[in-house]
Amino acid sequence: MMKLLVKSMLGAAMLLASMAAPASAQSIKAIKFDGLQQLRNQPHDTLYVVNFWATWCKPCIKELPYFEAVTEKYKNQPVKVILVSMDAVEDLDTRVKNFVQKRNLKSKVVLLDEVDANAWIDKLEPKWSGAIPATMVFNNKRKQYEFVESELSAEQLNALILKYKP
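What you are looking at is a predicted structure, and each value in this text was computed from that prediction instead of being measured. Throughout, a residue's number is its position along its own chain's written sequence, starting from 1. Owing to the predicted nature of the model, reporting of local features is limited to residues with pLDDT of at least 70; listing and counting of side-chain atom pairs is limited to 80 or more, with chain, interface and lining totals taken over all residues. Calculated side-chain values reflect all of the structure's heavy atoms, with hydrogen atoms and water omitted.

1. Here's the deal with the state of the cysteines
In this description, a disulfide is simply a cysteine sulfur pair whose atoms lie within 2.5 Å. If you walk through the whole model with that rule in mind, you get 1 disulfide. There is a disulfide in this structure between cysteine 57 and cysteine 60, and the S-S distance comes to 2.3 Å. In this structure the cystine formed by cysteine 57 and cysteine 60 twists about its S-S bond by roughly 75°; its chirality is therefore right-handed. The class of cysteine 57 is buried, set by a relative accessible area of 5%. Exposure categories follow from relative accessible area, calculated using a 1.4 Å probe and restricted to protein chains: below 20% of the type maximum is buried, above 50% is exposed, and the middle band is partly exposed.

Now the structure itself:
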């Protein structure tokens, strides 16, 4: 009888724990530059809004809600937001995942696992100094591209998207 009671209490505790856990916690992967380059070269008629940010960057954190609003606003349209974390790969499981979960980010998040920025920045955007936040907007099928190396306001981000939205 005691075993049954313990088993029953354990089952109830597991059920409560699963209900308390966020249902939409996303999987965040560390990618290499090649993965980012593949995305940059996709021929789809989708407007990609790629934001480079980090958990330690105050201007980056300030503009994240604007990208989240874009994700929500265009969720059923060919506009995709990808947030590329520039945090150290050692911080993925602790700092980055906790940050994303705590803020309940819905936009796709990846961590760029590259230590030598000089090896890949010029390949991605020759005019980029490497400062963040930075945002790249592109639609390869329509041959549209724009890069902004600064913090964006909600108005600036929305204007950029409206300029290129399919």
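Still more ground to cover, so stick around.
2. Quick word on the pattern of salt bridges
A pairing counts as a salt bridge when a side-chain nitrogen of Lys or Arg comes within 4 Å of a carboxyl oxygen of Asp or Glu. Applying the stated criterion across every chain yields a total of 6 salt bridges. Ionic pairing is found between lysine 62 and glutamate 151, a salt bridge with its closest N-O pair at 3.4 Å. Highlighted residues: lysine 62 in helix H3 (residues 58-73) and glutamate 151 in the loop between strand S6 (144-148) and helix H6 (154-164), separated in sequence by 89 residues. What makes lysine 62 exposed here is its relative accessible area of 51%. Glutamate 151 gets classed as partly exposed once you look at its relative accessible area, which sits at 31%. Secondary structure counts use DSSP, requiring at least four H or I residues in a row for a helix and at least two E residues in a row for a strand, with both numbered from the N terminus.

3. Regarding the packing of aromatic side chains
Only centres within 6.5 Å qualify two rings of Phe, Tyr or Trp (six-membered ring in Trp) as a pair; their planes then separate them into stacked at under 30 degrees, edge-to-face at over 60, and tilted for everything else. Summed over the entire model, instances satisfying the criterion amount to 6 aromatic pairs. Consider the rings of tryptophan 120 and tryptophan 128, whose centres lie 5.7 Å apart with planes at 70°: the pair is edge-to-face. For the residue pair tryptophan 120 and tryptophan 128, the accessibility class agrees, reading buried in each case. Among the aromatic residues, those joined into a ring-pair cluster are Phe33, Phe52, Trp120, Trp128 and Phe147. Looking at arginine 40, its charged tip hangs above the ring of phenylalanine 138, at a distance of 4.6 Å from the centre. Sitting over a ring, as applied to charges here, requires NZ of Lys or CZ of Arg to be within 6 Å of the ring centre and within 35 degrees of the ring normal.

4. Some points on the nonpolar core
The nonpolar side chains of a soluble globular protein tend to be buried, and buried together. Core analysis: the biggest nonpolar cluster contains 48 residues, and Val50, Phe52 and Trp128 have the highest contact counts within it. Among the elements that make up this core, the one with the highest residue count is strand S2 (residues 47-53) (6 residues). Any two residues whose heavy atoms approach within 4.5 Å are treated as being in contact. Non-local contacts of tryptophan 128, meaning those with residues more than four positions away in its chain, are made with Phe52, Trp120, Ile121, Ala134, Phe147 and Glu149. For this analysis, a nonpolar core means a set of buried residues of the types Ala, Val, Leu, Ile, Met, Phe, Trp, Tyr and Cys, connected via side-chain atoms within 4.5 Å.

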